[in-house]
Amino acid sequence: MKVKNIILITLMLSNSALFAADTNTDLKKMQLALDKNTPEAVEDIFDNNDKLAQNWMANERLALSFERRNKFKEAVDVYRKLIINFNQEAHKKIVNATPPLSENLYTTNKLPYYYYKLAFLNAQLFVSSNKYMPATDRMRFRKNAEGYLGLLKKVNGDENDIKIVQEQIEEKIKVEDQRIYKSNWYAFMDVISWQDQLYLKNTTSGQKTKLLSTAIGSSLGLGKKWSNSKFEFNFEGMYTFATSTIGSQDPNVNYLQSSVGVNSIIAGPGFYYKGFSEKVFVGIQIPFSYRKGDWTLPDGPYSFENDKQFGAGYFFQVKFYIGSIGIQSRLGKIFPDPGGHWSIGGSYDF
Amino acid sequence: MTKSLLFVTGIFTAFFLTASNEAFAYPQFISHGYNSCITCHYNPFGNGPVNDYGRAVSGTAIAGRDFFDENKPEDLIASETAFFFKQSEQKHVRPFIGYRGLLYKANLGEEGSKTDFIHMQLDANLTVKFGEKDQYIASGTFGYAPIPRALQNTPAGDKMKEYRTREHYVGFRPKPNFGIYFGLMDKPYGIRVVEHTSFSRVAPQLTMDDQAHGMILHYAGESFEGGLDAFVGNLASEKDVRMKGFSGTFEKTVFDHHRLGASVLSQKNDYIKMTSTSIHSRSQISHGTSVLFELGKVDKTPAAANSVKRTEYFSLLQNHIRTTRGVYFLNSVEYYKNSLDRSYRVRFGPGLQYFPFTKLELRADVYNTRNFNQEATSKDRWDLLMQVHAWF
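Residues numbered from 1 in each chain as written. Chains lettered and ligands numbered in written order. Predicted model: local features only at pLDDT ≥ 70, side-chain atom pairs only at ≥ 80, totals over all residues. Heavy atoms only, no water.

Chemist: Explanation requested: the interface of chain A and chain B in the structure shown.
Modeler: Interfaces are frequently sized by the accessible area removed from exposure as the parts join. Contact residues are listed per partner, giving 30 residues for chain A and 29 residues for chain B. In this assembly, chain A packs against chain B so that about 2400 Å² is buried in total across both faces, 67% of it on carbon and sulfur atoms. For the chain A face of the interface with chain B, the top three residues by lost area are Phe320, Leu331 and Trp342 of chain A, together amounting to 24%. Joining chain A to chain B, the criterion identifies 0 salt bridges. At the surface where chain A touches chain B, the tally comes to 9 residue pairs in polar contact (both at pLDDT 80 or more). At the level of elements, β1 (182-202), β2 (208-227), β3 (231-248), β4 (256-277), β5 (280-285), β8 (308-322), β9 (325-335) and β10 (341-349) of chain A are the ones that each hand at least two residues to the side of chain A that touches chain B. If one sorts the elements of the side of chain A that touches chain B by residue count, β4 of chain A sits on top with 5 residues. Class assignment for the residues of the side of chain A that touches chain B results in 14 nonpolar, 14 polar and 2 charged. (Contact = heavy atoms within 4.5 Å. Buried area = accessible area lost by both parts, 1.4 Å probe. Salt bridge = Lys/Arg side-chain N within 4 Å of Asp/Glu carboxyl O. Polar contact = N/O pair within 3.5 Å; in protein donor to acceptor, adjacent residues only side chain to side chain. Helix = DSSP H or I, 4+ residues; strand = E, 2+ residues; numbered from the N terminus. Nonpolar A, V, L, I, M, F, W, Y, C, P; charged D, E, K, R; others polar.)

Chemist: Looking at this structure, I do not really get a nonpolar patch on the surface. What am I missing?
Modeler: On the surface, Ile284, Ile286, Phe288, Tyr314, Phe316 and Phe335 of chain A cluster together into a nonpolar patch covering about 580 Å² of accessible area. As for its placement among the helices and strands, phenylalanine 288 of chain A is situated in strand β6 (residues 288-293). (Patch = residues over 30% accessible without salt bridge, like charges linked within 9 Å, V, L, I, M, F, W, Y side chains within 5 Å. Areas by Shrake-Rupley, 256 points an atom, 1.4 Å probe, with all protein chains shown as cover.)

Chemist: In this structure, what is going on with the side chain of lysine 359 of chain B? I would like to understand it.
Modeler: Residue and element names in this part refer to chain B. Along the chain, lysine 359 turns up in the loop between β14 (344-354) and β15 (360-372). No salt bridge is formed by the buried lysine 359; the nearest opposite charge belongs to glutamate 80, separated by 8.6 Å. Polar side-chain contacts of lysine 359 include one of 2.8 Å to the backbone oxygen of threonine 81. Beyond its immediate chain neighbours, meaning those up to four positions away, lysine 359 contacts Arg55, Glu80, Thr81, Ala82, Phe84, Phe85, His389, Ala390, Trp391 and Phe392. (Buried < 20%, exposed > 50% of the residue type's maximum accessible area, 1.4 Å probe, protein only. Lys, Arg positive; Asp, Glu negative; His and termini not counted.)

Chemist: Can you walk me through the packing of helix α3 (residues 56-68) of chain A against helix α4 (residues 72-86) of chain A in this structure?
Modeler: Each pair of packed helices gets described by two things: the angle between the helix axes and the distance between those axes. All names here are of chain A. Relative to each other, α3 and α4 sit at 160°, their axes nearing to 7 Å. Relative to α4, α3 is oriented roughly antiparallel. As for the relative orientation of α3 and α4, their crossing is left-handed in sense. Contacts between α3 and α4 pair Trp56, Asn59, Glu60, Leu62, Ala63, Leu64, Phe66 and Glu67 from the former with Phe72, Glu74, Ala75, Val78, Tyr79, Leu82 and Phe86 from the latter. Looking at the contact of α3 with α4 residue by residue, the classes come out as 11 nonpolar, 1 polar and 3 charged. (Axes fitted to C-alpha atoms, helices over the stretch in contact; angles between N-to-C directions. Parallel < 35°, antiparallel > 145°, perpendicular 65-115°, else oblique. Left-handed = near helix turned anticlockwise from the far one by under 90°.)

Chemist: So what exactly am I meant to see when it comes to the packing of aromatic side chains here?
Modeler: Geometry of an aromatic ring pair is reported as the spacing of the ring centres plus the angle between the planes. Going through the model one piece at a time under the given rule, you end up with 35 aromatic pairs over all chains. Consider the rings of tyrosine 79 of chain A and tyrosine 114 of chain A, whose centres lie 6.0 Å apart with planes at 45°: the pair is tilted. Highlighted residues: tyrosine 79 of chain A in helix α4 and tyrosine 114 of chain A in helix α6 (residues 111-127), separated in sequence by 35 residues. Between tyrosine 26 of chain B and phenylalanine 355 of chain B, the ring centres sit 6.2 Å apart and the planes meet at 80°, which makes this aromatic pair edge-to-face. Of this pair, tyrosine 26 of chain B sits in the loop between α1 (2-18) and α2 (52-62) while phenylalanine 355 of chain B sits in the loop between β14 and β15, placing them 329 residues apart in sequence. (Phe/Tyr/Trp six-rings, centres within 6.5 Å; stacked < 30°, edge-to-face > 60°.)

Chemist: Could you clarify how one ought to interpret the pairing of strand β2 (residues 115-130) of chain B in this entry?
Modeler: Sheet faces and side chains relate simply in a regular strand, where the side chains alternate between the two faces. All names here are of chain B. Inspection of the sheet shows strand β1 (residues 93-105) paired to β2 by 13 bridges, in the antiparallel sense. Residue pairing in the sheet places proline 95 in a bridge with leucine 126 of β2. Where β2 and strand β3 (residues 136-144) come together, 9 bridges link them in antiparallel fashion. By the bridge assignment, threonine 127 is partnered in β3 with serine 139. Taking the residues between adjacent antiparallel strands as the criterion, β2 and β3 are bridged by 5 residues, where glycine 131 takes a positive phi near 100°. (Pairing = 2+ DSSP bridges.)

Chemist: What's the story with empty space enclosed by the protein in this structure? I'm lost.
Modeler: Over the atoms a probe the size of a water molecule is rolled, and this reveals where empty space is left. All names here are of chain B. Inspection of every chain in the model, using the stated rule, returns 5 cavities of 30 Å³ or more. In this model, the largest cavity occupies a volume close to 560 Å³. In terms of lining residues, the largest cavity is bounded by 38 residues, among which Tyr26, Pro27, Cys37, His41 and Gly46 are the most central. Elements with a contribution of two residues or more to the lining of the largest cavity: α2, β7 (224-233), β8 (244-253) and β10 (272-286). When grouped by side-chain class, the residues that make up the lining of the largest cavity number 21 nonpolar, 11 polar and 6 charged. Computed from the structure, the second largest cavity encloses a volume of approximately 90 Å³. If you trace the second largest cavity, you find it lined by Asn47, Asp186, Lys187, Tyr189, Gly190, Ile191, Arg192, Ser200, Arg201, Leu206 and Glu294. (1 Å grid on protein atoms, 1.4 Å probe; cavity = no way out; pocket = protein on both sides within 12 Å on 5 of 7 lines; lining within 4 Å. Points joined across faces, edges and corners; volume = space filled by probe spheres on them.)

Chemist: How should the environment of valine 202 of chain B be read in this particular structure?
Modeler: Residues and elements named next belong to chain B. For valine 202, the position within the fold is in helix α5 (residues 199-202). Through-space distance from the C-alpha of valine 202 to that of glycine 59 is 31 Å; in sequence the pair is 143 residues apart. The residues touching valine 202, leaving out its near neighbours within four places in the chain, are His196, Thr197 and Thr207.

Chemist: What should I look at first to understand a positive patch on the surface in this one?
Modeler: Positive charge collects at one region of the surface, where Lys239, Lys244, Lys268, Lys273 and Lys309 of chain B lie side by side. Here lysine 268 of chain B lies in strand β9 (residues 258-268). (Charge placed at Lys NZ, Arg CZ, Asp CG, Glu CD.)

Chemist: Please clarify how the environment of glutamine 31 of chain A should be interpreted in this entry.
Modeler: Residues and elements named next belong to chain A. Mapped onto the fold, glutamine 31 is located in helix α1 (residues 2-35). Judged by its relative accessible area of 28%, glutamine 31 falls in the partly exposed class. Taking the C-alpha atoms as reference, glutamine 31 lies 60 Å from lysine 319; in sequence the two are 288 residues apart.

Chemist: Explain α4 of chain A to me, please; I cannot follow it from the model alone.
Modeler: In an α-helix, one turn spans 3.6 residues; hence positions three or four apart end up facing the same way. Residues and elements named next belong to chain A. For α4, with 15 residues, the first-to-last C-alpha span of 21 Å sits near the 21 Å given by 1.5 Å per residue. Looking only at α4, the buried set comprises Phe72, Ala75, Val76, Val78, Tyr79, Leu82 and Ile83. End-on view of α4: buried residues confined to an arc of 165°, all on one side of the axis. Packing partners of the buried residues in α4 comprise α3, α5 (88-96), α6 and α7 (135-154). (Expected span 1.5 Å × (residues − 1). Arc of directions from axis to C-beta.)

Chemist: How do you make sense of α7 of chain A when you look at a structure like this?
Modeler: All names here are of chain A. A rise of 1.5 Å per residue sets the reference length of α7, with its 20 residues, at 28 Å; its end C-alpha atoms lie 28 Å apart and thus fit the reference within 8%. Of the surrounding secondary structure, the elements contacted by the buried residues of α7 are α4, α5, α6 and α8 (159-179). Residue asparagine 156 follows α7 closely and has a positive phi angle near 55°.

Chemist: So what exactly am I meant to see when it comes to the nonpolar core here?
Modeler: In summary, soluble globular proteins display a tendency toward joint burial of nonpolar side chains. Residue and element names in this part refer to chain A. By size, the foremost hydrophobic cluster in this structure holds 42 residues, and its most contacted members are Met30, Ile94 and Tyr115. Elements that contribute at least two residues to this core include exactly α1, α2 (40-47), α3, α4, α6, α7 and α8. Aside from chain neighbours lying at most four places away, what touches methionine 30 is Val42, Ile45, Phe46, Leu52, Ala58, Arg61 and Leu62. Grouped together as the second largest cluster of nonpolar side chains are 19 residues, Phe188, Ile246, Tyr255 and Val262 included. (Core = buried A, V, L, I, M, F, W, Y, C linked by side-chain atoms within 4.5 Å.)

Chemist: Can you walk me through unusual backbone geometry in this structure?
Modeler: With glycine set apart, most residues show a phi of negative sign, and most peptide bonds adopt trans. For the bond from phenylalanine 335 of chain A to proline 336 of chain A, the omega torsion is 10°, close enough to zero to count as cis. With respect to the helices and strands, proline 336 of chain A occurs in the loop between β9 and β10. One non-glycine residue with positive phi stands out, namely glutamine 205 of chain B, at about 55°. Among the secondary structure elements, glutamine 205 of chain B is positioned in the loop between α5 and β6 (212-220). The exposure class of glutamine 205 of chain B is partly exposed, given its relative accessible area of 28%.

Chemist: How should the environment of alanine 145 of chain A be read in this particular structure?
Modeler: All names here are of chain A. Tracing the chain through its elements places alanine 145 in helix α7. Alanine 145 sits in the buried class, given a relative accessible area of 0%. Here the alpha-carbon distance between alanine 145 and isoleucine 83, two residues 62 residues apart in the chain, equals 16 Å.

In structure tokens form, the structure reads like this:
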């Protein structure tokens, strides 16, 4: 019996020694694979030896191999296991403690390192996320990154490490924010000018004379825009009150009037591209217009044609911003007007 | 063969020794952080040849690099901006050749619309500088200068020469912030935009051939820059038409790359006396994008008895938007009014400017000009201008 026991104990001890030898050998192999930059081999070694799962050094090497292969989700899982399986008590104390923490809570273990890794990896997952990823996942990565960053600050983590991760998160939030379309109202006031063509018709003879009117005035407008950091879409309308000089284009017909009131309404959708600079916008607008003028008929059997006119056209437009105030100019054409249509003025964003 | 070589060499030598260079100024490049002209030009108020630094800026900040290998270092691009692509081993002599040609299609869409190609400039320049800090400088430009259209086939135009010098001067800068210059130069006034047909240059008579012999004092402090010019007219022109007088322009930097300025110009010859005043601003909106604004008036009093004094008003608003490196979108709005009639003019001018690589500029502009007159109506005028500008 005594001999039997001795044999059994000897067998158990040699078995343990054998297992320990296997673990140490595999740990060395894992480290060698990392050193040789063949991180995929680390996972194979880990999978072939169940005992390695209970070894924190093996887990660390596995996490590193995932990191090197950009398998950040897997790396996060391993670092979390490292906290839960090997440092849970200390971790709980840190979570529950209120700063300032006593140093022995974090200088006697590797938790600051794991917090940094988890903050960094979750930040990478958040930074690389895109609109095709479920919003809940993206928010989870962001919250996890911010959470572990908080723990890292709590355990007096390296300031540069904290700064780098924080900047990555903030930059991503900024970029995300820039993509989101926000709407706001704006008002504007322009000096505006255009030319009209209308006809003076002799109702008796049916003869038509071309008249050309050049108008200049002021317009007041209101619009709503939807914009992100690169594009702006808007819809606006304006009322214009102008004066015009109108004259005959036929040298044989004497007709001239000046300071004639002309009013118009212009409305339409517009688009600006803001990619050149956040303060400089270049774009187009599709205006639809209605105008009427108070031109008076000469004595006799005359009437006007086109004295009330609907039109549509295009404007090329540029504006730049100083704070909430924009300086804008437009040049284009509204059909069937014979000349160009331009305006220059200022806008204010509410 | 030897004779031909000597002849060609002689022509080139004469070309360089007798003259100089082209008038181009880009005050809008305050958008790149260059507040003062003297950073890039030998002439402290711009125009004329660019210095070594200006050449490097033109290649590495202004011009695009689409035609270069993506790995080509900026230093190498900068070194190739030198005269005929080769950096000089000496620091005293700097030659420069410039050409500007214009395809001009007037009255677009109208009957009688015609297209012209105008060689606006073909200039050669030689700048010589000496001293430890290049404080002694001499610069001369000579080249082809077409007779202005308004003077073609007129007695005045017939007297004009198509080859002339538009700039030659000697200068001394005892201190980096102060210089004195003597010779034929443009008069410092307002914003010296490159468009010599803009109202802000035509109204005060500061276009491509309006240089005068005189003395210019230039001061450039940390936030203040200014200059005074006392001139006696272009000595190459007839005595009676020489504009004599003085001008001054001053700019104050407010914030980093925003400048406010004011200018005055008083000049007269046997036929007319002119007094011009203007205020202006040059502002960087963002990197590569700027806005220029100038507002001024010119009082013109003819010398002839019974002639009427007139006042001309002008303003300029010009956007210069960098879309990508080397490509700029321009948008100009100009205003001009003459007190003698009840009319005024507004000109809109969107344009595109492309510097594919250093030493080449391509530009296209469309101008819409409208007359406002209470005594007549006239259709808008649309003009197309396409320009090629090369320099070596």
